[in-house]
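Structural description and commentary
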Amino acid sequence: PGVSEPVRAVAAAGGLLLATDERGRLLAWDAAATPPRPPVVLSGHRSAATLTAGAGLALTAADDGGVCVWDLRTLGSPDARPRRLGVALEGAVHAAALSRDGARALVATNRGKVHLCDVARGTELGRLDLDPVDHWSRALLWADDGASAWVGSTHGALFRVGTR
C-alpha cells in the first residue's frame, strides 16, 4: 500500500495494517486483501501523530497534545469518529503505548512526562516526571507482566517503571 504523505508510525491489529501520516491522519488497510484496496482514511489530528494498537483499539497521539482512541471495528463506518482522552498534556507527544487489554495507555511528551491513562474513562491515573532536559521519552513498551513498562529516552537511557 502507498501513502501520499510521509509516514509517522505503523502498527498492525485485528487484521488491519495501520499508519499515521504527517497530516495527522489514520490510514487503515485490510492486511489480507489481494490485491490491496485503498485505505480507509480518517482525520483525528492537525499534525503528525504517533500510533499504537491492540485489543481492538488504535490510539493516536499528536504533536498538538491531542490523544484519540479509535474502535477498530468501526473504522469502515461512515461515521467512525475518534474519542479524545481528556488528559491535559504538556508539550508534543513523542510516544504512546496501549496495554494488552486496551484498558490503559502510556503517553510520553517532550517535556519529560509519561502519563498513565485509563482509556475507557479518558482520565489520568498517574504521571512519571523525567528530567525534561536529559530524558525526553521517545519509546514506550508495556512489559509482559502488565504491571510495568519500559521507557526509552533521547539520551540513551532505558527505564523500567511501575504502572499500577
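The preceding data block contains the structure.
First things first, this report covers the structure right here in the doc. Keep in mind the model is a prediction, meaning the values are calculated, not measured. (Residues numbered from 1 in each chain as written. Predicted model: local features only at pLDDT ≥ 70, side-chain atom pairs only at ≥ 80, totals over all residues. Heavy atoms only, no water.)

Here we come to the overall build of the chain. Regarding its fold elements, the chain presents zero helices and 15 strands. Computed over its C-alpha atoms, the radius of gyration of the chain comes to 15 Å, within 12% of the 15 Å expected for a compact globule of 164 residues. Projecting the C-alpha coordinates of the chain onto the three principal axes gives extents of approximately 45 × 30 × 25 Å. Taking the contacts inside the chain whose residues are at least 6 apart along the sequence as the reference set, 34% of them involve residues at least 24 apart. With an accessible surface of roughly 8,200 Å², the chain has 51% of that area assigned to carbon and sulfur atoms. (Helix = DSSP H or I, 4+ residues; strand = E, 2+ residues; numbered from the N terminus. Rg over C-alpha atoms; globule rule 2.2 N^0.38 Å. Contact = heavy atoms within 4.5 Å. Areas by Shrake-Rupley, 256 points an atom, 1.4 Å probe, with all protein chains shown as cover.)

What follows deals with unusual backbone geometry. The general pattern is negative phi for most residues beyond glycine and trans for most peptide bonds. Cis geometry is adopted by the peptide bond preceding Pro35, which originates at Thr34 and carries an omega value of -5°. The topology assignment puts Pro35 in the loop between β3 (25-30) and β4 (40-43).

Along β3, five of the six residues are buried, which leaves the element largely enclosed by surrounding structure. Looking at chain direction, strand β2 (residues 16-21) and β3 are connected through five bridges and run antiparallel. Paired with Leu18 across the bridge in β3 is Ala28. Pairing geometry for β3 and β4, over four bridges, is antiparallel. Note on β4: the bridge partner recorded for Leu27 is Val41. (Buried < 20%, exposed > 50% of the residue type's maximum accessible area, 1.4 Å probe, protein only. Pairing = 2+ DSSP bridges.)

Strand order in the open sheet made by the four strands is β5-β6-β7-β8, with antiparallel pairing throughout. Strands at the two margins of the open sheet, each flanked by one partner only, are β5 (49-54) and β8 (83-84).

Our next topic: the pattern of salt bridges. Evaluation of the coordinates by the stated rule reveals 10 salt bridges. As a salt-bridge pair, Arg23 and Glu5 come within 3.6 Å of each other at their nearest N and O atoms. Pair noted here: Arg23 is in the loop between β2 and β3 and Glu5 is in the segment before β1 (7-13), with a separation of 18 residues, a long-range link. Its salt-bridge partner being Lys113, residue Asp129 comes within 3.3 Å of it at the nearest N-O pair. One end of the pair, Asp129, is in strand β12 (residues 123-129); the other, Lys113, is in strand β11 (residues 113-118), and 16 residues separate them in sequence. (Salt bridge = Lys/Arg side-chain N within 4 Å of Asp/Glu carboxyl O.)

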